[in-house]
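Listed below, chain by chain, are the residues.
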Amino acid sequence: MPRGRLITIEGLDGAGKTTLAGGLAEALTQRGIEVSVLREPGGVHVAERLRALVTEPGLAIGARAEALLYAAARAQLVEEALDPLLHAGSWVVLDRFVDSSLAYQGAGRALGIEPVRSINEFATSGLSPDRTLILTIDPPLGRSRSRARANPLDRLEREDDAFFERIARAYAELAAAEPERIRTIDASQGPDQVLEAALAAIRDLL
């Protein structure tokens, strides 16, 4: 059986990743493709427990510990869900993956891209997405969208403007460094336009 495809969706909080993941999965299903939608951190029980920990607003978690917790959740997701699904031929649409840690902990927390990349290479056994879609949005607009949600802001969403500016720059640098894997999409567009751009960005994989 042919291996499935791993499509990851990245971007700042408020960029519309979850909306795109659902729309993309529906569009692929309509094309007869078996699709699973997962999120990070999370997707499996242990990773969801770690998600609750790293997002809790009242907790003080050091930058290195934070990076390791995200990597641990990712390792469990790869072992328990991603590898089995991909080997069974299913496509996976994943809301965040390694690039999030490179941007948020590597740049946002100033730990450095390469150290964070190294621990995630170990965590994922080198698993790389077939295509990564980065939703680009001005940090102030992303923050305003996050604040408009019914749910309270989580621990990372409460960081200052400079934190998100560093993350946005890191995403741009990652996209420039890997143009074959990473495609950028303007997230200030409406959901239908974003989905149309996403489908165009993965057309060669279909």
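About the cut-offs
- Residues numbered from 1 in each chain as written.
- Predicted model: local features only at pLDDT ≥ 70, side-chain atom pairs only at ≥ 80, totals over all residues.
- Heavy atoms only, no water.
- Pairing = 2+ DSSP bridges.
- Helix = DSSP H or I, 4+ residues; strand = E, 2+ residues; numbered from the N terminus.
- Axes fitted to C-alpha atoms, helices over the stretch in contact; angles between N-to-C directions.
- Contact = heavy atoms within 4.5 Å.
- Phe/Tyr/Trp six-rings, centres within 6.5 Å; stacked < 30°, edge-to-face > 60°.
- Buried < 20%, exposed > 50% of the residue type's maximum accessible area, 1.4 Å probe, protein only.
- Arc of directions from axis to C-beta.
- Salt bridge = Lys/Arg side-chain N within 4 Å of Asp/Glu carboxyl O.
- Polar contact = N/O pair within 3.5 Å; in protein donor to acceptor, adjacent residues only side chain to side chain.
- 1 Å grid on protein atoms, 1.4 Å probe; cavity = no way out; pocket = protein on both sides within 12 Å on 5 of 7 lines; lining within 4 Å.
- Points joined across faces, edges and corners; volume = space filled by probe spheres on them.
- Nonpolar A, V, L, I, M, F, W, Y, C, P; charged D, E, K, R; others polar.
- Parallel < 35°, antiparallel > 145°, perpendicular 65-115°, else oblique.
- Left-handed = near helix turned anticlockwise from the far one by under 90°.

A. Structural detail: the sheet that holds strand E5 (residues 182-186). One open sheet holds the five strands; their spatial order is E2-E3-E1-E4-E5, and the pairing between them is parallel. Of all the strands in the sheet, the pair left with one neighbour each is strand E2 (35-39) and E5. If you compare each strand with its neighbour and ignore which way they point, the axes differ by 20 degrees on average. Relative to strand E3 (residues 91-95), strand E1 (residues 6-11) is paired through four bridges, and the arrangement is parallel. Bridged to Ile-9 within E3 is Asp-95. On the sheet, helix H3 (residues 63-87) packs against E1, E2 and E3 and is oriented at approximately 160 degrees with respect to E2. Helix-sheet contacts for helix H7 (residues 161-177) involve E1, strand E4 (131-136) and E5, and the interaxial angle to E5 is about 135 degrees.

B. Structural context of the packing of aromatic side chains. Taken as a whole and assessed by the stated rule, the structure comprises two aromatic pairs. Ring centres 5.2 Å apart and planes at 85 degrees place the aromatic pair Phe-163 and Phe-164 in the edge-to-face group. Here Phe-163 matches Phe-164 in class, with each residue buried.

C. Region of the structure containing helix H2 (residues 45-55). If you check which residues of H2 are buried, you get Ala-47, Leu-50, Val-54 and Thr-55. Buried positions in H2, seen along its axis, are confined to an arc of 120 degrees and lie on one side of it. Exposed and facing more than 90 degrees away from the buried side of H2 are His-45 and Arg-49. Contacts made by the buried residues of H2 are with H3.

D. Expanded view of the pattern of salt bridges. The full count for this structure, using the stated rule, is twelve salt bridges. One salt bridge connects Asp-99 with Arg-181, and the closest N-O pair in it is separated by 2.8 Å. Linking Asp-99 in helix H4 (residues 98-108) with Arg-181 in the loop between H7 and E5, this pair joins segments that are 82 residues apart in sequence. The pair formed by Asp-99 and Arg-181 is uniform in burial state, with each residue classed as buried. Each of the salt bridges in this network shares a partner with another, and the network as a whole consists of Arg-3, Arg-5 and Asp-130.

E. View of the environment of Glu-178. Following the sequence through the fold, Glu-178 ends up in the loop between H7 and E5. Each C-alpha atom, one on Glu-178 and one on Thr-132, is 9.7 Å from the other, the two residues being 46 residues apart in sequence. Engagement of the side chain of Glu-178 in a polar contact is seen with the side chain of Arg-181, the distance being 2.9 Å.

F. Spotlight on the layout of surface pockets. Estimates place the volume of the largest pocket at around 690 Å³. Elements with a contribution of two residues or more to the lining of the largest pocket: helix H1 (17-30), H2, H3 and H4. Its residues placed into classes, the lining of the largest pocket shows seven nonpolar, nine polar and eleven charged.

G. Highlighting the packing of H1 against helix H8 (residues 191-201). Across the interface, H1 lies against H8 with an axial gap of 10 Å and an inter-helix angle of 55 degrees. The pairing of H1 with H8 is recorded here as oblique in orientation. In this structure, H1 meets H8 at a crossing whose hand is right-handed. Note on element contacts: H8 touches H1 through Pro-191, Val-194, Leu-195, Ala-198 and Leu-199, opposite Thr-19, Leu-20, Gly-23, Leu-24 and Ala-27. For the contact of H1 with H8, the class distribution of residues is eight nonpolar, two polar and no charged.

H. Molecular detail of unusual backbone geometry. The peptide bond linking Glu-40 to Pro-41 adopts the cis configuration, its omega dihedral lying at -20 degrees. Mapped onto the elements of the fold, Pro-41 is located in the loop between E2 and H2. The backbone of Arg-96 sits at a positive phi, close to 85 degrees, despite the residue not being glycine. Assignment of secondary structure puts Arg-96 in the loop between E3 and H4. Positive phi, normally seen in glycine, also occurs at Ser-125, with a value near 55 degrees.

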